[in-house]
Amino acid sequence: MAELIVALDVASQREVEEAVERLDGAVDFYKIGLELFTAAGPSVVRAVKKRGKRVFLDLKLHDIPRTVERTVFSGADLGVDLMTVHASGGSAMIEAAADAARHCGAEAPKILAVTVLTSLDQADLTDLGVNRTPVQQVEALGRLALDNGADGIVCSPVEVARMRVLLGGQALLCTPGVRPAGSDAGDQKRIATPSAAVRDGSTYLVVGRPVMQAADPCAAARAIIAEMTSCAEA
Ligand code: C5P
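Cut-offs used in this document
Residues numbered from 1 in each chain as written. Predicted model: local features only at pLDDT ≥ 70, side-chain atom pairs only at ≥ 80, totals over all residues. Heavy atoms only, no water. Axes fitted to C-alpha atoms, helices over the stretch in contact; angles between N-to-C directions. Helix = DSSP H or I, 4+ residues; strand = E, 2+ residues; numbered from the N terminus. Parallel < 35°, antiparallel > 145°, perpendicular 65-115°, else oblique. Left-handed = near helix turned anticlockwise from the far one by under 90°. Contact = heavy atoms within 4.5 Å. Nonpolar A, V, L, I, M, F, W, Y, C, P; charged D, E, K, R; others polar. Salt bridge = Lys/Arg side-chain N within 4 Å of Asp/Glu carboxyl O. Buried < 20%, exposed > 50% of the residue type's maximum accessible area, 1.4 Å probe, protein only. Arc of directions from axis to C-beta. Near = heavy atom within 4 Å. Polar contact = N/O pair within 3.5 Å; in protein donor to acceptor, adjacent residues only side chain to side chain. Areas by Shrake-Rupley, 256 points an atom, 1.4 Å probe, with all protein chains shown as cover. Pairing = 2+ DSSP bridges. Expected span 1.5 Å × (residues − 1).

Lay out the packing of helix H1 (residues 13–22) against helix H3 (residues 42–50) in plain terms, naming residues and giving numbers.
One way to put it is that H1 packs onto H3 with a least axis distance of 10 Å and a crossing angle of 15°. The angle between the axes of H1 and H3 places the two elements in the roughly parallel class. The crossing of H1 and H3 is right-handed. Along its contact with H1, which presents Gln13, Val16, Glu17 and Val20, the element H3 presents Ser43, Val44, Ala47 and Val48. For the contact of H1 with H3, the per-class residue count stands at five nonpolar, two polar and one charged.

Could you give me a rundown of the pattern of salt bridges, with the residues and numbers involved?
Per the stated rule, a full pass over the model turns up 14 salt bridges. Of the charged contacts in the structure, one is a salt bridge between aspartate 81 and lysine 49, with a shortest N-O distance of 2.9 Å. One end of the pair, aspartate 81, is in the loop between helix H4 (65–78) and strand S4 (82–86); the other, lysine 49, is in helix H3, with 32 residues separating them in the sequence. By relative accessible area, aspartate 81 is classed as buried at 19%. According to the relative accessible area criterion, lysine 49 is partly exposed, its value standing at 24%. For the salt bridge of aspartate 58 with lysine 60, the shortest nitrogen-to-oxygen distance reads 2.9 Å. Linked by salt bridges that have partners in common, Glu17, Glu21 and Arg51 make up one network.

Outline H3, supporting the account with residue identities and numerical values.
For H3, the complete set of buried residues consists of Val44, Val45, Ala47 and Val48. Taken end-on, H3 shows its buried residues confined to a sector of 160°, consistent with a single buried face. Tucked inside the fold, the buried residues of H3 contact H1, strand S2 (29–33), helix H2 (34–40), strand S3 (54–61) and H4. Backbone geometry just downstream of H3 places glycine 52 in the positive-phi region, at approximately 80°.

Explain the site of the ligand residue by residue, including any values.
Within the structure, the ligand sits among Ala7, Asp9, Lys31, Thr118, Pro176, Arg179, Gln188, Val206, Val207, Gly208, Arg209 and Pro210. Within the side chain of lysine 31, an N or O atom sits 3.0 Å from an oxygen atom of the ligand. At a separation of 2.7 Å, an oxygen atom of the ligand approaches a polar backbone atom of glycine 208. Here the ligand has 460 Å² of accessible area as a free molecule, and 79% of this is covered by the chains. Contributing elements (two or more residues each) for the shell around the ligand: strand S8 (204–207) and helix H10 (209–212).

Could you give me a rundown of the sheet that holds S2, with the residues and numbers involved?
Around the barrel, eight strands lie side by side as S1-S2-S3-S4-S5-S6-S7-S8; this closed barrel has parallel pairing. The sheet shows a mean angle of 25° between the axes of neighbouring strands, taken without regard to direction. Relative to S3, S2 runs parallel, the two sharing five bridges. Each bridged residue has a counterpart across the sheet, and for glycine 33 the counterpart in S3 is aspartate 58. Sheet strands touched by H3: S2 and S3. Its angle to S3, the strand with the most contacts, is close to 155°. On the sheet, helix H8 (residues 160–167) packs against strand S6 (152–154) and strand S7 (172–175) and is oriented at approximately 170° with respect to S7.

Break down helix H11 (residues 217–233) for me, with residues and values.
Taking 1.5 Å of rise per residue, 17 residues should cover 24 Å, and H11 covers 24 Å from first to last C-alpha, within 8% of that figure. Along H11, the residues that are buried comprise Pro217, Cys218, Ala220, Ala221, Ile224, Met228 and Cys231. Each buried residue of H11 lies within a common arc of 165° when the element is viewed along its axis, so the set occupies one face. Buried residues along H11 sit against strand S1 (3–7), H1, helix H9 (194–199), S8 and H10.

Printed below as a string of structure tokens:
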């Protein structure tokens, strides 16, 4: 069954605590990204975990294997449930992250690999010396990630159906860019509704503004979950 992860794209621990309080009973899983982590530090992770919630620490690690390995250990110590690395960090780096997580036992974070940032287009890849199309590069890096022990990938809802077929039923597929029908797309270009993301095989649907900026965030989250559930049961 797919799960909703709400992106805590706010600037302070106080706002995080207010949001988690408001969403209590509806949302159990939260994403903390670079901006919030840099502003508020590990204590914000502890604050969310203390409320019994799960945390996706989205720091998109890309460094030498030893540094990534040690950062995964630090994430495990914080009780983080999901972490991201860049697949383009290479096989040894992905493997170091995956091995570190495995050493931490059943409570260890699952490792997701970011393939191609959605902000990059064909010209950017060419500048980087990549001769594949963005889709080919997503597929190649997705395969590399899973072959080196990652638990799954982050991908856009537009490519999730294809990646589900390519990577199989066990892979965790995490999709941002989810928008309930009729809501504002904002700066998201490759979007899909919650039901389309679930139907296409997404494991985790990451939603930020449609929940966090709603007049009633709890009602907005519950509506998304209801759509996900009815689609899964259909
Ligand atoms: O507010 P919104 O629902 O667009 O937030 C989505 C979250 O997912 C944000 O934290 C954003 O940084 C992240 N994200 C994304 N698109 C990607 C990768 C990550 O929107 N391709």
